[in-house]
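Descriptive analysis of the structure
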Amino acid sequence: MATLDLFGSPAEGARDWLAPQAVVLRGRALSCADELLDAVAAVIAQAPLRQMVTPGGLTIAVASTNCGVLGWTSDRRGYRYSREDPVTGRRWPAMPACFAQLARQAAADAGFPGFEPDACLVNQYLPGTRLSLHQDKNERDFGAPIVSVSLGMAAVFLFGGHERADRAFKVNLHHGDVAVWGGADRLRYHGVMPLEDAPYAQLGSRRINLTFRKAG
Ligand code: MD6
Ligand code: FE
């Protein structure tokens, strides 16, 4: 029922721990979600969504862009953070104030005070899009956590161990949920299962994920 969907995560305020230093803050972004989505549209207008290519030459299914001082990019030469958007040749758009504030506060709620992200990767998923298991290790310092904000259609997040073959938990992420992992859990494998088509409110058949990091 559409009315149930209006409330996003079914358990606003709950904290679901995935590991000692990894938690999903249910509905943490709901109160500012409309503001976040307006800011996402403004970022995409300046730095368009694009499908990047892996060093191995495969096209990444997720469409991405960035905001903040540094942006995550991938091409035939490798994965890295850059100050310029290779598509426009300009700096990435500034990180909107509401993005930085949410990331900082969610990190503090999860036990990581003092998080100051300098990079926000904006990912768009369409029905069928998946993200295979990987570790985030292009950042200079693994001392800072990762903050991941889900907007739009729900997704099944995979949260694994420190080896690719380790068993991964499946976690449903709804509009407004914020996942935070850091410390001993910073380098765990994670990914997203192929998205099911269950249109969500004003975003329709899309999921937007914001991933905040301290990259430089
Ligand atoms: C997500 N993205 O889009 C999570 N990590 O829900 C990632 O975990 C990610 O998209 C490293 C590099 C690119 C990514
Ligand atoms: Fe990742």
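Please refer to the structure placed before this passage.
Small disclaimer: the values here were computed from a predicted structure and weren't measured.

**Looking at the packing of helix α2 (residues 33-46) against helix α3 (residues 97-109)**
Here α2 crosses α3 at 130°, and the two axes come no closer than 9 Å. One way to sum up the angle between α2 and α3 is to call them oblique. Both α2 and α3 take part in a crossing whose hand is left-handed. Seen from α2, the contacting residues are E35, L36, A39 and V40; seen from α3, they are C98, F99 and L102. Within the contact of α2 with α3, the residues separate by chemical class into six nonpolar, no polar and one charged.

**Section: the coordination of the iron ion (ligand 2)**
Listed as protein donors to the iron ion (ligand 2) are H134 (NE2), D136 (OD) and H190 (NE2); their distances from the metal cover 2.1 Å. For the iron ion (ligand 2), all donor residues lie on one chain, and their spacing in sequence is H-x1-D-x53-H. Residue D136 is found in the loop between β8 (131-134) and β9 (146-152), and its partner H190 is found in strand β13 (residues 190-192); the two are separated by 54 residues along the sequence. According to the relative accessible area criterion, H190 is buried, its value standing at 5%.

**What about α2?**
Spanning 14 residues, α2 covers 20 Å between terminal C-alpha atoms, matching the ideal 20 Å at 1.5 Å per step. In this structure, the buried side of α2 is in contact with β4 (59-67), α3, β7 (119-125), β9 and β14 (207-213).

**Observations regarding unusual backbone geometry**
In this structure, A201 is a non-glycine residue whose phi angle is positive, near 35°. Here A201 shows up in the loop between β13 and β14.

**Quick notes on the layout of surface pockets**
Reported here for the largest pocket is a volume of approximately 750 Å³. Lining the largest pocket are 35 residues, with W72, Y79, L131, S132 and H134 positioned closest to its centre. Examining the composition of the lining of the largest pocket, we find that five residues originate from one element, β4, more than from any other. A breakdown of the residues in the lining of the largest pocket according to their chemical character gives 15 nonpolar, 13 polar and seven charged.

Criteria and cut-off values
- Residues numbered from 1 in each chain as written.
- Chains lettered and ligands numbered in written order.
- Predicted model: local features only at pLDDT ≥ 70, side-chain atom pairs only at ≥ 80, totals over all residues.
- Heavy atoms only, no water.
- Axes fitted to C-alpha atoms, helices over the stretch in contact; angles between N-to-C directions.
- Helix = DSSP H or I, 4+ residues; strand = E, 2+ residues; numbered from the N terminus.
- Parallel < 35°, antiparallel > 145°, perpendicular 65-115°, else oblique.
- Left-handed = near helix turned anticlockwise from the far one by under 90°.
- Contact = heavy atoms within 4.5 Å.
- Nonpolar A, V, L, I, M, F, W, Y, C, P; charged D, E, K, R; others polar.
- Donors = N, O, S within 2.8 Å, 3.2 Å for Na, K, Ca; no water.
- Buried < 20%, exposed > 50% of the residue type's maximum accessible area, 1.4 Å probe, protein only.
- Expected span 1.5 Å × (residues − 1).
- 1 Å grid on protein atoms, 1.4 Å probe; cavity = no way out; pocket = protein on both sides within 12 Å on 5 of 7 lines; lining within 4 Å.
- Points joined across faces, edges and corners; volume = space filled by probe spheres on them.

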